[in-house]
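Below, each chain spelled out in residue letters.
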Amino acid sequence: MSKSKVYFTDFRCPVGTSIQDKLKRLCLAAGIKDIDMENKFVAIKMHFGELGNLAYLRPQYAKTVADLVKAQGGRPFLTDCNTLYPGSRKHALEHMDCANLNGFNTITTGCQIIIGDGLKGTDDVAVPVKNGEYIKEAKIGRAVMDADVFISLAHFKGHEATGFGGALKNIGMGCGSRAGKMEQHSSGKCIVDEELCRGCRKCAKECGSDAITYENNKAHIHKDLCKGCGRCIGACGFDAIRNEQWDAGDLLDRKMAEYAQAVCQDRPCFHINIARDISPNCDCHGENDAAILPDIGMFASFDPVALDQACADACLQATPLPNSQLADNLAKQDWECHHDHFLDSNPNVHWKETLEHAEKIGMGTRDYELVKLK
């Protein structure tokens, strides 16, 4: 497979040029106009942010993309699917309230918001996965699959389970219905090493399933309630929680790649990653810790695998920011440095497997040519 082109621009804006201007030029240079959108429904998949989180993408990014779609005769809508865990996005009513409170509405974005898997997260479509090894039929939100054209607009940041969240996670995990998210997480049930547990109870505060109780001041995870989301792993500061299955992180990554394949196969797709406010954890958290890396820039490509690889490479080359989770870990005297910012920020994660498997099943290539724009 030949190299895929990934287009990049930084956040430097001379007087008279805005970030929205640069994003528009980036998308045009990357070829978004090559997609026939005339009278087509165009899903713009993004994350509206959990209430309390301020690292998610601002609605102005969405409006720039929606305006490009409308200029090409398309009918854009913003979409995301409901969350597996309780929070402010577990059903469509809360989800749309959350989006509105975080600044996403028809005025700020210029298009409608449709929750992809319906009111209760049960409105999904079984989509056969081309070359799927773990998932034969992915459970994808119906509105996502009803769209004629699919655009991913992702906030590229760290993640406590998958290392980072970029295009593939925005698509694969984000477009899965609640049942689809459960299927991806199902091999990742968590267990507690009681010798390492300090009884701090941070894991229970992060658990959205009420699956963690305490016995003799030690955490205990109830497997019948655990959804395998991995948030407790990221919350534990003592490495006391891990996946019961040694390859659960690997399997999550591979299943996520296959879900992304189900969403993108057989229709026009375009992908944008915004690498700024690079927090250590997902925007699903009701807070965001200090950024671990400096703002890098905006990336766009028709190839989501090449896109995520380019973003990951740019992050690995960046200098960690002081007073961050990553910098604090690296400063520990007994820290075993991985020489990998994602692993050094969240040492229990896997991330390369996502890209490797996505390439294996034909989603794209990790081999790319970076085209830099001013």
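Right above here is the structure, for reference.
Residues numbered from 1 in each chain as written. Predicted model: local features only at pLDDT ≥ 70, side-chain atom pairs only at ≥ 80, totals over all residues. Heavy atoms only, no water.

Peer 1: What is the right way to look at the layout of surface pockets in this model?
Peer 2: The gaps left among the atoms become clear once a water-sized probe is rolled over them. Estimates place the volume of the largest pocket at around 790 Å³. At the level of elements, α8 (202-206), α9 (231-235) and α12 (325-331) are the ones that each hand at least two residues to the lining of the largest pocket. The class makeup of the residues in the lining of the largest pocket is nine nonpolar, twelve polar and ten charged. (1 Å grid on protein atoms, 1.4 Å probe; cavity = no way out; pocket = protein on both sides within 12 Å on 5 of 7 lines; lining within 4 Å. Points joined across faces, edges and corners; volume = space filled by probe spheres on them. Helix = DSSP H or I, 4+ residues; strand = E, 2+ residues; numbered from the N terminus. Nonpolar A, V, L, I, M, F, W, Y, C, P; charged D, E, K, R; others polar.)

Peer 1: How should I be thinking about helix α11 (residues 304-317) in this particular structure?
Peer 2: Every α-helix carries 3.6 residues per turn, so stepping three or four residues along brings you back to the same face. Compared with an ideal rise of 1.5 Å per residue, which puts 14 residues at 20 Å, α11 spans 20 Å between its outermost C-alpha atoms and is within 8% of the ideal. Within α11, ten of the 14 residues are buried, leaving the element largely enclosed by the surrounding structure. Taking the backbone nitrogen of Val 305 as reference, a side-chain oxygen 2.9 Å away marks Asp 303 as the first, capping residue of α11. (Expected span 1.5 Å × (residues − 1). Buried < 20%, exposed > 50% of the residue type's maximum accessible area, 1.4 Å probe, protein only. Polar contact = N/O pair within 3.5 Å; in protein donor to acceptor, adjacent residues only side chain to side chain.)

Peer 1: Got a minute to help me understand the packing of aromatic side chains in this structure?
Peer 2: Describing an aromatic ring pair means giving the distance of the ring centres and the angle of the ring planes. Applying the stated rule across the entire model yields nine aromatic pairs. With centroids separated by 6.4 Å and ring planes inclined at 65°, the aromatic side chains of Phe 156 and Phe 342 adopt a geometry described as edge-to-face. You can see Phe 156 sitting in the loop between β7 (149-155) and β8 (157-159) and its partner Phe 342 sitting in helix α13 (residues 341-345), a full 186 residues away along the chain. Between Phe 164 and Trp 351, the ring centres sit 5.6 Å apart and the planes meet at 55°, which makes this aromatic pair tilted. A residue pair is termed long-range when its members are at least 10 positions apart, and Phe 164 in strand β9 (residues 163-165) and Trp 351 in the loop between α13 and α14 (352-360) qualify at 187 residues. On the basis of relative accessibility, which here comes to 5%, the residue Phe 164 falls in the buried class. Relative accessible area serves as the criterion here: at 5%, Trp 351 is assigned to the buried category. Among the aromatic residues, those joined into a cluster by ring pairs are Phe 156, Phe 164, Phe 342 and Trp 351. The lysine or arginine in question, Arg 201, covers the ring of Tyr 214, its NZ or CZ lying 4.1 Å from the ring centre. The ring of Phe 11 has Arg 276 lying over it, and the distance from NZ or CZ to the ring centre is 4.3 Å. (Phe/Tyr/Trp six-rings, centres within 6.5 Å; stacked < 30°, edge-to-face > 60°. Lys NZ or Arg CZ within 6 Å of the ring centre and 35° of its normal.)

Peer 1: Sorry, what's going on with the nonpolar core here?
Peer 2: Nonpolar side chains tend toward joint burial in soluble globular proteins. In terms of nonpolar packing, the biggest core is built from 48 residues, with Ile 140, Phe 150, Phe 156, Ile 296, Phe 299 and Met 363 touching the most fellow members. Going through the elements one at a time, β1 (4-9), β6 (137-141), α6 (167-175), α10 (248-264), β14 (269-275), α11 and α14 are the ones with two or more residues in this core. Once you skip the residues sitting within four places of it in the chain, Phe 150 turns out to touch Ala 43, Lys 45, Val 144, Ile 171, Cys 175, Val 263, Cys 264, Arg 267, Pro 268, Cys 269 and Phe 270. Grouped together as the second largest cluster of nonpolar side chains are 37 residues, Ile 32, Leu 57, Val 69 and Phe 104 included. (Core = buried A, V, L, I, M, F, W, Y, C linked by side-chain atoms within 4.5 Å. Contact = heavy atoms within 4.5 Å.)

Peer 1: Explain the side chain of Glu 258 here, please?
Peer 2: Looking at the element boundaries, Glu 258 is found in helix α10. Nearest to the buried, unbridged Glu 258 among oppositely charged side chains is Lys 136, at 6.9 Å. Side-chain polar atoms of Glu 258 contact the backbone nitrogen of Glu 133, separated by 2.7 Å. At 3.1 Å, the side chain of Glu 258 and the backbone nitrogen of Tyr 134 are in polar contact. (Lys, Arg positive; Asp, Glu negative; His and termini not counted. Salt bridge = Lys/Arg side-chain N within 4 Å of Asp/Glu carboxyl O.)

Peer 1: Mind showing me how you'd approach unusual backbone geometry here?
Peer 2: Residues apart from glycine generally show negative phi values, whereas peptide bonds are mostly found in trans. Backbone geometry at Asp 210 places phi at a positive 55°, although glycine is not the residue there. Relative to the assigned elements, Asp 210 resides in the loop between α8 and β11 (212-215). Residue class for Asp 210 comes out exposed when judged on its relative accessible area of 66%. One non-glycine residue, Asn 323, adopts positive backbone phi at about 55°. Relative to the helices and strands, Asn 323 resides in the loop between α11 and α12. Taking relative accessible area as the criterion, Asn 323 reaches 68% and is therefore assigned exposed.

Any functional reading would require information that these geometric values do not contain.
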